[in-house]
Amino acid sequence: MVKHMSLKLRIIQRFQAAIARAFGEEFMPIDPVIKPTPRADLGDFQANFAMGLAKQLQLNPREVATRTLEKLQSEDLFSRVEIAGPGFINVFLKAEFLNEQLDQLLADPRGGVGRQEPQTVVIDYGSPNVAKEMHVGHLRSTIIGDSIARVLTLLGHEVIRQNHLGDWGTQFGMLIQEILDTNASQKPATNMAQLNSLYQAAKQHYDNDPDFAKRARERVVLLQGGDQETVSIWKKLVTESQQYFNQIYQRLHVLLTDADIKSESAYNPMLPGIVSELLSSGLATHSEGAIVVFLEGFKDKDENPTPMIIQKSDGGHLYATTDLAAAKYRLKTLKATRLIYVIDSRQSQHMAMLFAAVHKQGWVNPSVQLEHASFGSILGPDRKPFKTRSGETIKLVDLLDEAEQRAAAILSEKKTDLPTELQKSIVHTISTGAIKYSDLCSERVKDYIFDWDRMLSFDGNSAPYLLNAYVRIQAIFRKAEAQGLSLPQTGSVQLKDAIEHQLGLKLLAFPDIVELVAKELAPHHLCHYLCELATCFHSFYEHCPILKPEAHLERDSRLLLCSITAKILQQGLDLLGIQTIDRM
Ligand code: ARG
């Protein structure tokens, strides 16, 4: 059994124990502020608690540091500890200790990642709209949500994915009416591109032809009333769209399947009950024929309270009503203890009002976390929302196609003699990986500029750069085998060189990064970590000959470091939803 306690956590515990022995149990669990050092000559980690604690104790920080070190029991972990500057403590780890930790990491299929106290986490992500092309905003929700789902699953949580498909609303009245008007005999023969133009035509008619608009509104009533012809056209639209979304999900290599779909229409039966529940609790009130919820703190720019409308004067329900029903279902039926919505930041106000209403209505106990994992927009090179040259929103498929073409062009310069099929799958992995990575590596809440050159570059913070490190390791293994060397499966790592030491430390930091991603719902931390790991590996590769050493212990140790690096790269990329390749 491999014990899961990260390197950093071990150091934290030793310092906590020492602080408690030096100053009393009441300081337990103080945060000893353990950080990697900025420079290798200052040691491996720094403990920066002394300044803060000194203030509390009204002592000199160096004295606090000295008294802590007197009580520190760490001969097995640290080779040296020294006080620097006003009271920083620099920690040098023992090579033997790191060697042992790395041996354990090699044997651990979880990459050193432990299991957390399990929660039931419901993640709302993807959530495209029926009869509409997925656009780049849905791309972000899909891949950020997917990465969060993977990370939380690895940490031992029960993750329930919810694809809140937009399959309901007044727009279906106009769509179905358009289909009936134009194509009455054969009913819809649709694919997604046709659907898109159908949508545009319907909108055009709706806006300019009052008679059509009237029929479209009546069509909504027919749909809601379950009229057979109307419902059957609607169902076709939903099925066709789902097939199309599934193709994209497969192409993107995300986890979403049909089983994760819980679409807006699925909540219809709940809506009248939600409205009456909110009315009888007093949270909702009648206002100008509609039913609305007023929540404290939500005001427009003229300081007038902003209502959350849950029922229109014609009796129709809205996006917010459905979201209230969905939240109740997730909390009460699915028993979520953490509820995450991966939705763009333009819906922040809607989400904040939803959370406030859910709390007020008492559907959620205080220990449950409701989180809007909001994200920024993808911008074009002109820093404006990313559009085609003619100003239309960019379709996700077009983006994926272009990525493949560009990746293929770059790889063709490399003149490989790999079979065509293999080349194709390499191009696919690199291109989808590049798009996903460039999205995930920018801080979620920020906008970012879509940049083909940067995302496909082989040296930089990009998927090709990371994949290249992985491929290089596989090439080393192939070379070793060709030389008749058997690859060590187990054995012992022997860190000698300072660069090996740095690589070892980086590898052992993986579990902390995974936990940080889960806490902040921020995959960019993992991207930056993997990029640094790849950089550490490349410099190890350049400075420490791997197959050269005559002494087979040294060679084996370096091969083991390669194995662990490959494993962590693979596992880390997998958490981002990016596959690896063995050659390119
Ligand atoms: N379908 C919506 C859109 O495209 C996103 C739905 C997000 N999820 C939710 N529970 N509101 O904007």
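Data block above holds the structure.
Quick caveat, the model's predicted, so the values are computed rather than measured. (Residues numbered from 1 in each chain as written. Predicted model: local features only at pLDDT ≥ 70, side-chain atom pairs only at ≥ 80, totals over all residues. Heavy atoms only, no water.)

Peer 1: Where do I start with the pattern of salt bridges in this structure?
Peer 2: When their charged atoms lie close together, side chains carrying opposite charge are able to pair. Summed over the entire model, instances satisfying the criterion amount to 25 salt bridges. Here arginine 80 ties to glutamate 82 by a salt bridge, and the two come within 2.8 Å at their closest N and O atoms. When its relative accessible area of 43% is taken as the criterion, arginine 80 is described as partly exposed. When salt bridges with common partners are traced through the structure, they connect Asp146, Arg150 and Asp574 into a single cluster. (Salt bridge = Lys/Arg side-chain N within 4 Å of Asp/Glu carboxyl O. Buried < 20%, exposed > 50% of the residue type's maximum accessible area, 1.4 Å probe, protein only.)

Peer 1: Before we go on, may I ask you to explain the sheet that holds strand β6 (residues 158-162) in this structure?
Peer 2: Strand pairing within a sheet occurs via backbone hydrogen bonds; the two strands may be parallel or antiparallel. Strand order in the open sheet formed by 4 strands is β6-β5-β10-β11, and the pairing between neighbours is parallel. Looking at the sheet topology across the chains shown, the edges are occupied by β6 and β11 (369-372). On average, each strand axis in the sheet is inclined to that of its neighbour by 15 degrees, with strand direction left out of account. (Pairing = 2+ DSSP bridges. Helix = DSSP H or I, 4+ residues; strand = E, 2+ residues; numbered from the N terminus. Axes fitted to C-alpha atoms, helices over the stretch in contact; angles between N-to-C directions.)

Peer 1: What exactly am I supposed to notice about the side chain of arginine 338 here?
Peer 2: Relative to the elements of secondary structure, arginine 338 occurs in strand β10 (residues 338-341). Judged by its relative accessible area of 5%, arginine 338 is buried. Among the polar contacts listed, one links the side chain of arginine 338 to the side chain of glutamate 371, at a separation of 2.7 Å. Ignoring any residue separated from it by four or fewer positions in sequence, one finds arginine 338 in contact with Gln119, Thr120, Val121, Val122, Leu152, Val368, Gln369, Glu371, Ala518, Lys519 and Leu521. (Polar contact = N/O pair within 3.5 Å; in protein donor to acceptor, adjacent residues only side chain to side chain. Contact = heavy atoms within 4.5 Å.)

Peer 1: Before we go on, may I ask you to explain helix α16 (residues 463-482) in this structure?
Peer 2: Each α-helix turn comprises 3.6 residues. Residues three or four places apart therefore point the same way. Between its first and last C-alpha, α16 extends 28 Å over 20 residues, near the 28 Å set by a 1.5 Å rise per residue. Phi for glycine 484, located one or two positions after α16, is positive at around 80 degrees. (Expected span 1.5 Å × (residues − 1).)

Peer 1: I would appreciate a short explanation of the packing of aromatic side chains in the present structure.
Peer 2: Two measures describe an aromatic ring pair: the distance that separates the ring centres and the angle between the ring planes. As enumerated under the stated definition, the model contains 11 aromatic pairs in all. Within the aromatic cluster, the residues linked to one another by ring pairs are Phe15, Phe49 and Phe78. For the cation-ring pair, lysine 262 lies above tyrosine 267, with the distance from its terminal atom to the ring centre recorded as 5.4 Å. Between the NZ or CZ atom of lysine 262 and the centre of the ring of tyrosine 329, over which it lies, the distance is 4.3 Å. (Phe/Tyr/Trp six-rings, centres within 6.5 Å; stacked < 30°, edge-to-face > 60°. Lys NZ or Arg CZ within 6 Å of the ring centre and 35° of its normal.)

Peer 1: Where do I start with the nonpolar core in this structure?
Peer 2: One recurring pattern in soluble globular proteins is that nonpolar side chains are buried together. In terms of nonpolar packing, the biggest core is built from 157 residues, with Phe15, Leu93, Ile123 and Leu399 touching the most fellow members. Top contributing element to this core by residue count: α16, with 11 residues. Excluding anything up to four places from it in sequence, phenylalanine 15 contacts Pro32, Ile34, Ala47, Phe49, Thr68, Leu69, Leu72, Phe78, Val81, Ile89 and Val91. Val122, Leu271, Leu283 and Leu354 belong to the second largest nonpolar core, which has 37 residues in total. (Core = buried A, V, L, I, M, F, W, Y, C linked by side-chain atoms within 4.5 Å.)

Peer 1: Is there a simple way to explain the site of the ligand in this structure?
Peer 2: All residues in the neighbourhood of the ligand are listed as Asp124, Ser127, Asn129, His138, His164, Tyr319, Asp323, Tyr341, Ile343 and Gln347. For the ligand, an oxygen atom lies 2.9 Å from a polar atom in the side chain of histidine 138. Comparing atom positions with the cavity grids shows the ligand to sit within the largest pocket. For the shell around the ligand, the class distribution of residues is 3 nonpolar, 5 polar and 2 charged. (Near = heavy atom within 4 Å. 1 Å grid on protein atoms, 1.4 Å probe; cavity = no way out; pocket = protein on both sides within 12 Å on 5 of 7 lines; lining within 4 Å. Sits in = over half its atoms within 2 Å of the grid points. Nonpolar A, V, L, I, M, F, W, Y, C, P; charged D, E, K, R; others polar.)

Peer 1: Is there a simple way to think about the packing of helix α19 (residues 524-543) against helix α20 (residues 552-575) in this case?
Peer 2: Working note: a packed helix pair is described by the angle between its axes plus the distance between those axes. One can describe the packing of α19 onto α20 by two numbers: an axis separation of 10 Å at closest approach and a directional angle of 160 degrees. When the axis of α19 is compared with that of α20, the two are roughly antiparallel. Here α19 and α20 pass one another in a crossing that is left-handed. Contact residues: Leu526, Tyr529, Leu530, Leu533, Phe537 and Phe540 in α19; Arg558, Leu561, Cys562, Thr565, Ile568, Leu569, Gly572, Leu573 and Leu575 in α20. For the contact of α19 with α20, the class distribution of residues is 12 nonpolar, 2 polar and 1 charged. (Parallel < 35°, antiparallel > 145°, perpendicular 65-115°, else oblique. Left-handed = near helix turned anticlockwise from the far one by under 90°.)

Peer 1: Would you take a moment to explain empty space enclosed by the protein for this structure?
Peer 2: Unfilled space is identified by rolling a water-sized probe across the atoms. Summed over all chains, the structure comprises 3 cavities of 30 Å³ or more. If you go around the second largest cavity, the residues you meet are Leu252, His253, Thr429, Thr432, Gly433, Lys436, Gly577, Ile578 and Gln579. In terms of residue class, the lining of the second largest cavity is built from 2 nonpolar, 6 polar and 1 charged. (Points joined across faces, edges and corners; volume = space filled by probe spheres on them.)

Peer 1: Looking at this model, I keep getting lost on the packing of helix α1 (residues 7-23) against helix α3 (residues 61-71). Mind explaining?
Peer 2: Two elements in contact, α1 and α3, have axes whose closest approach is 8 Å; the angle formed by their N-to-C orientations is 105 degrees. The angle between α1 and α3 places the two elements in the roughly perpendicular class. Where α1 approaches α3, its residues Phe15, Ala18, Ile19, Arg21, Ala22 and Phe23 are matched on the opposing element by Val64, Arg67, Thr68, Leu69 and Lys71. Class assignment for the residues of the contact of α1 with α3 results in 7 nonpolar, 1 polar and 3 charged.

Peer 1: Help me understand the environment of isoleucine 578 in this model?
Peer 2: Mapped onto the fold, isoleucine 578 is located in the segment after α20. In sequence terms isoleucine 578 and alanine 518 are 60 residues apart; their C-alpha atoms lie 18 Å from each other. Residues in contact with isoleucine 578, not counting those within four places in the same chain, are Gly433, Lys436, Tyr437 and Leu573.

Peer 1: Just to check I follow, could you spell out the sheet that holds strand β7 (residues 284-287) for this structure?
Peer 2: Across the sheet, which stays open at both edges, the 3 strands sit in the order β7-β8-β9 with antiparallel pairing between neighbours. Taken across any chain shown, the strands that pair with only one partner, and hence form the sheet edges, are β7 and β9 (305-311). Neighbour-to-neighbour, the strand axes of the sheet open up by a mean angle of 50 degrees, direction not taken into account. On top of the sheet, helix α12 (residues 348-360) reaches β8 (290-299) and β9; it is set at about 100 degrees to β8, its chief contact.

Peer 1: Before we go on, may I ask you to explain unusual backbone geometry in this structure?
Peer 2: Leave glycine aside and you will find that most residues have negative phi; peptide bonds, for their part, are mostly trans. Of note in this structure, serine 127 is not a glycine but carries a positive phi near 45 degrees. Serine 127 gets classed as buried once you look at its relative accessible area, which sits at 16%.

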